[in-house]
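Here is how the chains run, residue by residue.
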Amino acid sequence: MAPCETGPASPGAVVVRLENIGLSHDHGRSFILRHVDLEIRAGEFVALLGPSGVGKSTLLRVIMGLVPPSEGQVTLHARPAQAHRPAAMVFQDAKLMPWRSVRRNVELGLEGLGLNRAARHARAMAALELVGLADRAERWPRQLSGGQRQRVGVARALTVEPDLLLMDEPFGALDAITRAGLQRELLDIHARRQGTVLFVTHDLDEALLLADRIIILQGHPAGVKGDFMVGPRPHEGAAVQAMAARMKRLIAGEPDPGADAAYWQASEI
Amino acid sequence: MSQARAHLLRPALGLAGVVVLFGVWEGAVRWGWIQSGFLPAPSSLGPAWLDEVRSGAWVQAIRDSLTHYLTGLVAGSVMGTLVGLLCGALPVLDGLLSGIVRVLRPIPGLAWVPFAILWFGLNTAGATFIIAISVFWINFYAAYGAVRAIDPDLYEVAAAFGHGGFWARLRTVVLPAASPGVLDGLRTGIGQAWMSVVAAELFGVPGIGARMMQASSLLATDLVVVYMLTMALLYAVTDTLFMLVRRRLLGWQG
Ligand SMILES: Nc1ncnc2c1ncn2[C@@H]1O[C@H](COP(=O)(O)OP(=O)(O)OP(=O)(O)O)[C@@H](O)[C@H]1O
Ligand SMILES: [Mg+2]
């Protein structure tokens with residue numbers, strides 16, 4: 001786990017702070033992430049966008065404390081732990097434990113929180129209900145479809161009621177209807193719990209639908225190349241359209257026209 | 001073909017093969033293609049077996065061999081699995097033992113007979129030692145390989161959900177994930193141990209192997225075959241019992 005200072009998470013307080021994060025898999029000869037500075041505040045729904053292979057999953061691993069950063073520091077400010085976890089993660093391809101039933105997979109993060117068996121069971125079932133898989137609770141993971149497994153991964157993270165919820169393309173493998181349902185559900189949970197979400201996607205429309213802040217990760221080594229406050233939902237209208245156009249160019253690794261008004265106008269003619 | 005029929009077909013074919021073998025064998029001896037001194041006819045095995053049972057030698061030999069078998073099997077399996085799991089999970093231990101493993105691994109269990117006799121004598125402990133060694137390596141490699149084959153992402157999942165320390169990893173990931181490989185090793189060991197039983201007893205420790213040696217020195221080939229079939233039966237029983245347990249433990253594999 002990242003260094004963790006506990007304290008009440010009032011709205012707007014910093015939940016996680018990344019300072020000058022660098023990550024290298026070869027002892028500093030090449031970096032995947034470099035000079036990443038980021039603050040995420042309580043209640044924010046942040047989307048992290050970037051091309052494939054840029055380092056989005058890696059950044060989530062660093063925040064989760066699964067990989068120590070080669071440079072810099074991650075600080076997580078969480079409520080005092082009581083029957084919940086400071087952070088939880090939805091992994092990119094579910095990563096269920098095949099020897100545990102669906103329900104016992106969801107209970108994974110509840111073990112060690114001082115809950116008795118009945119309480120764990122109840123919370124896991126509530127989370128499975130939320131993702132529409134309560135009727136599959138006693139199945140083995142191999143008996144589920146890829147999309148269903150992904151939803152179990154979502155339930156496993158939701159059930160520990162994390163202060164910071166990290167989601168790595170959680171709805172990537174789903175059909176449009178299920179995906180829309182879960183997106184609505186996620187927004188609903190977010191509104192109810194006022195939790196903090198960092199959501200990786202490479203779908204700009206999904207980011208615009210869900211997030212109130214969008215961060216672009218780009219480059220080799222990757223850094224934060226754009227940080228957009230998209231304001232209150234629904235995200236539509238000319239201003240949002242213009243922002244979206246800038247984001248697209250940033251994701252593609254092109255120069256940011258928004259940073260230079262003259263260029264922006266010239267390219268419009 | 002329907003699945004139920006396919007399911008029944010294999011055992012039926014297996015049984016038919018055995019019946020044909022015994023039929024051809026009986027015919028070959030009856031019609032003089034094979035001299036009964038070379039190979040006893042199946043029909044002579046029944047009386048030989050009954051004599052052996054009446055004298056009490058059959059039950060005694062089985063009892064002795066089962067003792068060697070079970071103690072050797074348990075000792076070798078437990079040790080091999082334990083060391084294999086630890087080597088798989090602890091890179092430092094793995095590195096420390098890798099040289100020793102390379103030296104000892106190619107030495108077959110039988111090569112240890114002189115030392116077994118020297119250290120333990122021609123007795124139960126000596127036979128058990130030989131069996132345990134051969135079973136040890138099978139289980140060592142099965143457990144070691146099973147741990148090394150674990151998807152490393154599962155360690156990340158466990159750590160992300162609060163199971164990060166060595167013991168928590170062992171309990172939530174290593175043991176359950178390695179269990180199919182470990183159980184496969186145990187099963188191979190269960191078969192291998194019967195082979196080692198004969199080898200370990202050939203030198204005079206009482207049991208099925210010793211009884212076979214006595215019988216063959218008296219040219220009582222029918223008795224040798226009786227004990228061969230006895231071992232086949234004992235193997236079938238132990239293997240079947242094990243598979244029942246295995247299926248119960250690994251329901252998640254389907
Ligand atoms: N263990 C590792 N050792 C070396 N390089 C790695 C390792 N893990 C990931 N990488 C590299 O780090 C880079 C970033 O990987 P990461 O999985 O974070 O990308 P991503 O942005 O999540 O991509 P995607 O959108 O395809 O999921 C990739 O180029 C990958 O090859
Ligand atoms: Mg990724």
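Structure: see above.
Residues numbered from 1 in each chain as written. Chains lettered and ligands numbered in written order. Predicted model: local features only at pLDDT ≥ 70, side-chain atom pairs only at ≥ 80, totals over all residues. Heavy atoms only, no water.

Engineer: How should the coordination of the magnesium ion (ligand 2) be read in this particular structure?
Structural biologist: In an ideal octahedron of six donors the angles at the metal are 90 or 180 degrees, and in an ideal tetrahedron of four donors they are 109.5 degrees. Residues and elements named next belong to chain A. Listed as protein donors to the magnesium ion (ligand 2) are Ser 57 (OG) and Gln 92 (OE1); their distances from the metal cover 2.0 to 2.3 Å. Placement of Ser 57 in helix α1 (residues 56-64) and of Gln 92 in the loop between β6 (87-90) and α2 (102-106) is noted, with a sequence separation of 35 residues between them. By relative accessible area, Ser 57 is classed as buried at 18%. (Donors = N, O, S within 2.8 Å, 3.2 Å for Na, K, Ca; no water. Helix = DSSP H or I, 4+ residues; strand = E, 2+ residues; numbered from the N terminus. Buried < 20%, exposed > 50% of the residue type's maximum accessible area, 1.4 Å probe, protein only.)

Engineer: Just to check I follow, could you spell out the interface of chain B and chain A for this structure?
Structural biologist: Quite often, the size of an interface is put as the accessible area lost when its parts meet. Opposite the 19 residues of chain B that make contact, chain A presents 22 residues. Across the chain B to chain A interface the summed buried area is about 1,800 Å²; carbon plus sulfur atoms make up 69%. Considering only the surface of chain B that becomes buried against chain A, Glu156(B), Phe161(B) and Trp252(B) emerge as the three largest contributors, covering 42% of it. Here chain B and chain A share three salt bridges between them. For the salt bridge of Glu156(B) with Arg61(A), the shortest nitrogen-to-oxygen distance reads 2.7 Å. The tally of links between chain B and chain A comes to seven residue pairs in polar contact (both at pLDDT 80 or more). The element best represented in the side of chain B that touches chain A is helix α7 (residues 152-160) of chain B, accounting for seven residues. (Contact = heavy atoms within 4.5 Å. Buried area = accessible area lost by both parts, 1.4 Å probe. Salt bridge = Lys/Arg side-chain N within 4 Å of Asp/Glu carboxyl O. Polar contact = N/O pair within 3.5 Å; in protein donor to acceptor, adjacent residues only side chain to side chain.)

Engineer: Quick question: what am I supposed to make of the sheet that holds strand β7 (residues 164-168) of chain A here?
Structural biologist: The strands that make up a sheet pair up through hydrogen bonds in the backbone, lying either parallel or antiparallel. Residues and elements named next belong to chain A. Pairing is mixed across the open sheet formed by six strands, whose spatial order is β6-β7-β8-β4-β9-β10. Edge positions in the open sheet fall to β6 and β10 (223-229), since each of these has one partner strand only. Each neighbouring strand pair of the sheet contributes to a mean axis angle of 15 degrees, computed without reference to strand direction. Summarising the sheet, β7 and strand β8 (residues 196-200) pair through five bridges and their orientation is parallel. Residue Asp 168 lies in a different strand from β8, and its bridge partner there is Val 200. Its contacts with the sheet place helix α4 (residues 146-158) against β6 and β7, and it is angled at close to 180 degrees to β6. (Pairing = 2+ DSSP bridges. Axes fitted to C-alpha atoms, helices over the stretch in contact; angles between N-to-C directions.)

Engineer: Can you help me understand the packing of aromatic side chains in this one?
Structural biologist: This model, assessed by the stated rule, comprises 20 aromatic pairs over all chains. Their ring planes at 70 degrees and their centres at 6.1 Å tell us that Trp99(A) and Trp252(B) sit as a pair that is edge-to-face. Of this pair, Trp99(A) sits in the loop between β6 and α2 while Trp252(B) sits in the segment after α10 (221-249), each in a different chain. Accessibility assignment for this pair places Trp99(A) and Trp252(B) in one class, buried. One aromatic cluster in this structure is built from Trp112(B), Phe115(B), Trp119(B), Phe120(B) and Phe129(B). Across from the ring centre of Phe31(A), 3.7 Å away, lies the NZ or CZ of Arg34(A), which sits over that ring. The ring of Tyr155(B) carries the charged tip of Arg169(B) above its face, separated from the ring centre by 4.2 Å. (Phe/Tyr/Trp six-rings, centres within 6.5 Å; stacked < 30°, edge-to-face > 60°. Lys NZ or Arg CZ within 6 Å of the ring centre and 35° of its normal.)

Engineer: Just to check I follow, could you spell out the nonpolar core for this structure?
Structural biologist: Across soluble globular proteins, nonpolar side chains have a tendency to be buried as a group. Ranked by internal contacts, the top residues of the largest apolar core, which has 148 residues, are Leu18(A), Met167(A) and Ile214(A). Broken down by element, the residue count for this core peaks at 14 residues, all from helix α8 (residues 166-201) of chain B. In this structure Leu18(A) touches Val36(A), Asp37(A), Leu38(A), Leu59(A), Ile63(A), Gln73(A) and Val74(A), once residues within four positions along its chain are discounted. (Core = buried A, V, L, I, M, F, W, Y, C linked by side-chain atoms within 4.5 Å.)

Engineer: What exactly am I supposed to notice about the site of ligand 1 here?
Structural biologist: Residue and element names in this part refer to chain A. Not every one of the 13 residues close to ligand 1 is listed here, only the nearest: Ser 52, Gly 53, Lys 56, Ser 57 and Thr 58. Taking Gly 53, its main chain carries an N or O atom lying 2.8 Å from an oxygen atom of ligand 1. Measuring from an oxygen atom of ligand 1, one finds a side-chain N or O atom of Lys 56 at 2.7 Å. Relative to its unbound accessible area of 640 Å², ligand 1 is 58% covered by the protein chains. For the shell around ligand 1, the residue count by class is three nonpolar, eight polar and two charged. (Near = heavy atom within 4 Å. Areas by Shrake-Rupley, 256 points an atom, 1.4 Å probe, with all protein chains shown as cover. Nonpolar A, V, L, I, M, F, W, Y, C, P; charged D, E, K, R; others polar.)

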